[in-house]
Amino acid sequence: MYVGPVEDRHAAGLADFFRASWGEDASAESVAEWRAREAAGNPAQPGVEPPKWVFTRDDVVLGYLGTIPDRFVA
């Protein structure tokens, strides 16, 4: 079992999870591209992927938790 930050090795498992959970047309490649786009467009820390967590057993993703980055100005 693994509970921790999403890593490159989780791309295929996340694609399977997204297809099963939300009916998305996802692949390991599209997951990698999505992560790169999120890092590039991160307003809080440009170039850094927003935090994402994955819960796996073997290589099967059982759960996923993402965050929505934002910058707040006081």
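Above this text is the structure in question.
Quick caveat: nothing in here was measured; it's all calculated off a predicted structure.

A.B. asks: Can you help me understand the overall build of the protein in this one?
C.D. replies: Each helix and strand counted, the protein has 2 helices and 3 strands in total. Helices (α) and strands (β) of the protein occur, in sequence order from the N terminus, as β-α-α-β-β. Considering only C-alpha atoms, the protein reaches an extent of 45 × 25 × 20 Å along its principal axes. Burial analysis of the protein (74 residues in total) assigns 30% to the buried set. Across the protein, every contact between residues at least 6 apart in sequence was considered, and the portion connecting residues at least 24 apart equals 46%. In the structure as shown, the protein presents an accessible area of about 5100 Å², 57% of it carried by carbon and sulfur atoms. The positive charge centre, built from 7 side chains, and the negative charge centre, built from 12, are 4 Å apart in the protein.

A.B. asks: Would you take a moment to explain the sheet that holds strand E3 (residues 60-66) for this structure?
C.D. replies: Backbone hydrogen bonds hold the strands of a sheet together, and the pairing may be parallel or antiparallel. Ordered in space as E1-E2-E3, the 3 strands form an open sheet in which the pairing is antiparallel. What marks the edges here is a single partner per strand, and that holds for strand E1 (2-5) and E3. Pairwise comparison of adjacent strand axes, ignoring direction, gives a mean angle of 15° for this sheet. Relative to strand E2 (residues 52-57), E1 runs antiparallel, the two sharing 4 bridges. Of the residues in E2, the one forming a bridge with Gly4 is Val54. With respect to the sheet, helix H1 (residues 11-22) is in contact with E2 and E3, its orientation differing from that of E3 by roughly 80°.

Calculation criteria
- Residues numbered from 1 in each chain as written.
- Predicted model: local features only at pLDDT ≥ 70, side-chain atom pairs only at ≥ 80, totals over all residues.
- Heavy atoms only, no water.
- Helix = DSSP H or I, 4+ residues; strand = E, 2+ residues; numbered from the N terminus.
- Buried < 20%, exposed > 50% of the residue type's maximum accessible area, 1.4 Å probe, protein only.
- Contact = heavy atoms within 4.5 Å.
- Areas by Shrake-Rupley, 256 points an atom, 1.4 Å probe, with all protein chains shown as cover.
- Lys, Arg positive; Asp, Glu negative; His and termini not counted.
- Charge placed at Lys NZ, Arg CZ, Asp CG, Glu CD.
- Pairing = 2+ DSSP bridges.
- Axes fitted to C-alpha atoms, helices over the stretch in contact; angles between N-to-C directions.

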